[in-house]
Amino acid sequence: MAYTINRMIPDTGIDDVDTRTRKALADHGFGVLTEIDVKATMKKKLDVEMPAYRILGACNPEMAHQAIEIEPRVGAMLPCNVILREVEGGVEVSAIDPVASMQAIENAELTAVAGEVRDLLAKAAAAI
């Protein structure tokens with residue numbers, strides 16, 4: 001099973017894709033709670049160079065609340081990470097597939113909520 005929803009944005013830079021991604025996420029009910037600049041972190045901690053790589057921690061509050069009400073410890077698996085990765089020819093956007101990430105929890109009601117979140121993330125990715 002694939003564990004990410006992917007979209008390639010050709011011939012553009014990571015800052016442009018970052019702006020477009022945040023807008024698409026917001027348009028689909030998500031806010032970005034966290035941001036990790038992996039490239040800067042690897043340079044600082046390991047003194048290694050790598051292409052631009054960002055992790056955005058996205059959250060749809062309504063869906064997160066539903067999930068937590070169903071399964072209180074699910075917060076250990078939140079928020080939904082979306083990565084922006086500079087690759088040859090553009091930027092790849094990959095969002096976690098919540099259905100895949102929730103497979104470890106045997107709860108049909110939670111799986112249904114994860115499916116709704118997956119649909120929203122796929123729509124956001126398509127809108128970038």
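Look up: the structure comes first, before these words.
Residues numbered from 1 in each chain as written. Predicted model: local features only at pLDDT ≥ 70, side-chain atom pairs only at ≥ 80, totals over all residues. Heavy atoms only, no water.

Caption draft 1: Geometry of the sheet that holds strand β1 (residues 4-10). Ordered by their spatial adjacency, five strands build an open sheet running β1-β5-β4-β3-β2, and the pairing between neighbours is antiparallel. The strands lining the two open edges of the sheet, one partner per strand, are β1 and β2 (31-37). Averaged over neighbouring strand pairs, the angle between their axes works out to 20 degrees when direction is ignored. Across six bridges, the pairing between strand β3 (residues 53-59) and strand β4 (residues 80-87) is antiparallel. For Ile 55, the partnering residue across the bridge sits in β4 and is Ile 83. Where helix α1 (residues 14-27) meets the sheet, its contacts fall on β1, β2, β3, β4 and β5 (90-96), and the angle it forms with β3 comes to roughly 10 degrees. Sheet strands touched by helix α5 (residues 108-127): β1, β4 and β5. Its angle to β1, the strand with the most contacts, is close to 5 degrees. (Pairing = 2+ DSSP bridges. Helix = DSSP H or I, 4+ residues; strand = E, 2+ residues; numbered from the N terminus. Axes fitted to C-alpha atoms, helices over the stretch in contact; angles between N-to-C directions. Contact = heavy atoms within 4.5 Å.)

Caption draft 2: Just helix α3 (residues 61-70), in detail. Taken together, the buried positions of α3 are Met 63, Ala 64, Ala 67 and Ile 70. The arc that holds the buried residues of α3, viewed along the axis, is 125 degrees, so those residues lie on one side. The exposed residues of α3 that point more than 90 degrees off its buried face are Pro 61, Glu 62 and Glu 69. Against the buried residues of α3 lie β3 and α5. (Buried < 20%, exposed > 50% of the residue type's maximum accessible area, 1.4 Å probe, protein only. Arc of directions from axis to C-beta.)

Caption draft 3: Inspection of α1 at higher detail. Under the 1.5 Å per step criterion, the end-to-end length of α1 is 20 Å for 14 residues, consistent within 8% with the ideal 20 Å. Taken together, the buried positions of α1 are Ile 14, Val 17, Asp 18, Thr 21, Ala 24 and Leu 25. Buried residues in α1, looked at end-on, bunch into an arc of 135 degrees, giving them a common side. Residues of α1 that are exposed and angled more than 90 degrees away from the buried face: Asp 15, Thr 19 and Lys 23. (Expected span 1.5 Å × (residues − 1).)

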